[in-house]
Amino acid sequence: MTLRPVLVNIKAVDDSAVGRFWAEALGWQVSGGEPGATAVKPDGFDWRDPVSVCLDVIAVPEPKTAVKNRVHLDLATTSAAHQAELIARLRDLGATPADVGQGEVPWTVLADPEGNEFCVLEPREVYRDTGPIAAVVVDCADPRAMARFWDRAIDWTLHEVTEERAVWRSARGVGPYLEFLRVGGKSVPDRVHLDLVPDAGDDKAAEVARLRALGAGDLDIGQGEVPWTCLVDPEGHEFCVLARS
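Let us look at the structure shown here.

## A look at the overall build of the chain
Here is step 1: Along the backbone of the chain there are four helices and 16 strands.
Here is step 2: Here the C-alpha atoms of the chain give a radius of gyration of 17 Å, agreeing with the 18 Å that 2.2 N^0.38 yields for 245 residues.
Here is step 3: On the principal axes, the C-alpha backbone points of the chain span a range of 50 × 40 × 35 Å.
Here is step 4: Sorting the 245 residues of the chain into buried and exposed places 49% on the buried side.
Here is step 5: Restricting the contact set of the chain to residue pairs at least 6 apart, pairs at least 24 apart contribute 63%.
Here is step 6: When the accessible area of the chain is evaluated, it comes to approximately 11000 Å², of which 53% is carbon and sulfur surface.
Here is step 7: A distance of 3 Å separates the average location of the 25 positive side-chain charges in the chain from that of its 40 negative side-chain charges.

## With respect to the sheet that holds strand E9 (residues 133-140)
Here is step 1: Taken together, eight strands build an open sheet; the order of strands is E6-E7-E8-E5-E9-E12-E11-E10 and the sheet is mixed. Edge positions in the open sheet fall to strand E6 (96-97) and strand E10 (157-161), since each of these has one partner strand only.
Here is step 2: For E10 and strand E11 (residues 165-169), the ladder comprises four bridges, and the chain directions are antiparallel. Note on E11: the bridge partner recorded for Glu160 is Val167.
Here is step 3: Sheet strands touched by helix H1 (residues 15-26): strand E5 (71-75), strand E8 (117-120) and E9. Its angle to E5, the strand with the most contacts, is close to 30°.
Here is step 4: Along the sheet, helix H2 (residues 80-93) makes contact with E5, E6, strand E7 (108-111) and E8, crossing E8 at roughly 150°.

## Remarks on the environment of Ala209
Here is step 1: Inspection of the secondary structure assignment puts Ala209 in helix H4 (residues 204-214).
Here is step 2: A residue is classified by how much of its surface remains accessible, and Ala209, at 39% relative accessible area, is partly exposed.
Here is step 3: Separated by 155 residues in the primary sequence, Ala209 and Cys54 place their C-alpha atoms 26 Å from one another.

## Some thoughts on the nonpolar core
Here is step 1: Trp22, Leu55, Leu90, Phe118, Trp150 and Leu211 are the most contacted members of the largest nonpolar core, which has 60 residues in total.
Here is step 2: Not counting residues within four places of it along the chain, the set of residues in contact with Leu211 comprises Leu3, Phe149, Ala153, Ala216, Leu231, Phe239 and Val241.
Here is step 3: Core analysis: the next-biggest nonpolar cluster, separate from the first, contains twelve residues, Ala76, Ala134, Ala135 and Tyr177 among them.

## Considering helix H3 (residues 143-153)
Here is step 1: Considered for burial, the residues of H3 that qualify are Pro143, Met146, Ala147, Phe149, Trp150 and Ala153.
Here is step 2: Where H3 begins, one side-chain oxygen reaches toward the backbone nitrogen of Arg144, 3.1 Å away; that side chain belongs to Asp142.

## What about the packing of H3 against H4?
Here is step 1: Relative to each other, H3 and H4 sit at 165°, their axes nearing to 10 Å. Viewed along their axes, H3 and H4 adopt a mutual orientation that is roughly antiparallel. Crossing handedness for the pair H3 and H4: right-handed. Each of Phe149, Arg152 and Ala153 in H3 lies in contact with H4, whose residues at this interface are Arg210, Leu211 and Leu214.
Here is step 2: When the residues that make up the contact of H3 with H4 are grouped by side-chain class, the tally is four nonpolar, no polar and two charged.

## With respect to the packing of H1 against H2
Here is step 1: Two elements in contact, H1 and H2, have axes separated by 10 Å at closest approach and are oriented at 160°. The orientation of H1 with respect to H2, classified from their angle, is roughly antiparallel. For the pair H1 and H2, the crossing hand works out as right-handed. Contact with H1, carried on its side by Phe21, Glu24 and Ala25, involves Leu86, Arg89, Leu90 and Leu93 of H2 and no other residues of that element.
Here is step 2: The class makeup of the residues in the contact of H1 with H2 is five nonpolar, no polar and two charged.

## A closer look at the side chain of Glu179
Here is step 1: Locating Glu179 in the fold gives a position in strand E12 (residues 177-182).
Here is step 2: Reaching out from Glu179, the side chain makes a polar contact with the side chain of Tyr127 at a distance of 2.6 Å.
Here is step 3: Those residues in contact with Glu179 that lie beyond four places of it in its chain are Tyr127, Ala135, Val136, Val137, Val138, Arg165, Ala166 and Val167.

## Regarding the pattern of salt bridges
Pairing is possible between side chains that carry opposite charge, provided their charged atoms lie close to one another.
Here is step 1: Under the definition given, this model contains 14 salt bridges.
Here is step 2: Here Arg89 ties to Glu85 by a salt bridge, and the two come within 3.7 Å at their closest N and O atoms. Taken together, the residues span about one helical turn, with Arg89 and Glu85 both in helix H2 at a distance of four residues.
Here is step 3: As a salt-bridge pair, Glu207 and Arg210 come within 2.8 Å of each other at their nearest N and O atoms. Residue Glu207 and its partner Arg210 are both found in helix H4; the two are separated by three residues, about one turn of the helix.
Here is step 4: Exposure remark for Glu207: the relative accessible area of 9% places this residue in the buried category.
Here is step 5: For Arg210, a relative accessible area of 22% gives the class partly exposed.
Here is step 6: Look at the salt bridges and you will find they share partners, linking Arg4, Asp155 and Asp199 into a network.

Cut-offs and rules
- Residues numbered from 1 in each chain as written.
- Predicted model: local features only at pLDDT ≥ 70, side-chain atom pairs only at ≥ 80, totals over all residues.
- Heavy atoms only, no water.
- Helix = DSSP H or I, 4+ residues; strand = E, 2+ residues; numbered from the N terminus.
- Rg over C-alpha atoms; globule rule 2.2 N^0.38 Å.
- Buried < 20%, exposed > 50% of the residue type's maximum accessible area, 1.4 Å probe, protein only.
- Contact = heavy atoms within 4.5 Å.
- Areas by Shrake-Rupley, 256 points an atom, 1.4 Å probe, with all protein chains shown as cover.
- Lys, Arg positive; Asp, Glu negative; His and termini not counted.
- Charge placed at Lys NZ, Arg CZ, Asp CG, Glu CD.
- Pairing = 2+ DSSP bridges.
- Axes fitted to C-alpha atoms, helices over the stretch in contact; angles between N-to-C directions.
- Core = buried A, V, L, I, M, F, W, Y, C linked by side-chain atoms within 4.5 Å.
- Polar contact = N/O pair within 3.5 Å; in protein donor to acceptor, adjacent residues only side chain to side chain.
- Parallel < 35°, antiparallel > 145°, perpendicular 65-115°, else oblique.
- Left-handed = near helix turned anticlockwise from the far one by under 90°.
- Nonpolar A, V, L, I, M, F, W, Y, C, P; charged D, E, K, R; others polar.
- Salt bridge = Lys/Arg side-chain N within 4 Å of Asp/Glu carboxyl O.

Everything listed here is a matter of coordinates, which is why it stays silent on function.
As structure tokens, then:
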């Protein structure tokens, strides 16, 4: 089992603008490898040996709908003052308040310039060493079922499984957490999804076959002949397995 999360893939009408927003928000670098794709990553990030994740913003013609994304980022803060400063800075960069039914909570929900929701968390000890992204959060209907699939799908360490959530982190104990939270089922195609990469020397086709045996399904979004494979997990969350070349 060698697959690791490597990218949070975000669809956007203007990938450059959204990429610049996230680079400024996270203090990371922007690079455009090809038209319609903007990578946002920290200094020294090696996507072939990831212990964390970076962002890949991909251009699409369709704007985001009003439906909440099933995948979002939680941003970490170190103090109440840092949380307030970060929220103000994000608002200056173009973020807007978002209401996803959160009510009175100690974190703040915002949306990036194209409406993709994210949270700025109050200080939490568990996220003290994650870097700017505390967690990649996935809405799901059954965290225990997701734990059964994803714990065998990736080589990150499973930290917690309850009726309400399942939580992983890189086996090296660095970078953000991956959290599946009980929220609800899928209603629209995913605008944000995870990409996985196999280790060096491992066979991508064999890994894809292993995922299918675990319950993953094939996904056709009109991608045609591409070096990555599009799949869905047993609840329909979209993800891709990348080729290393």
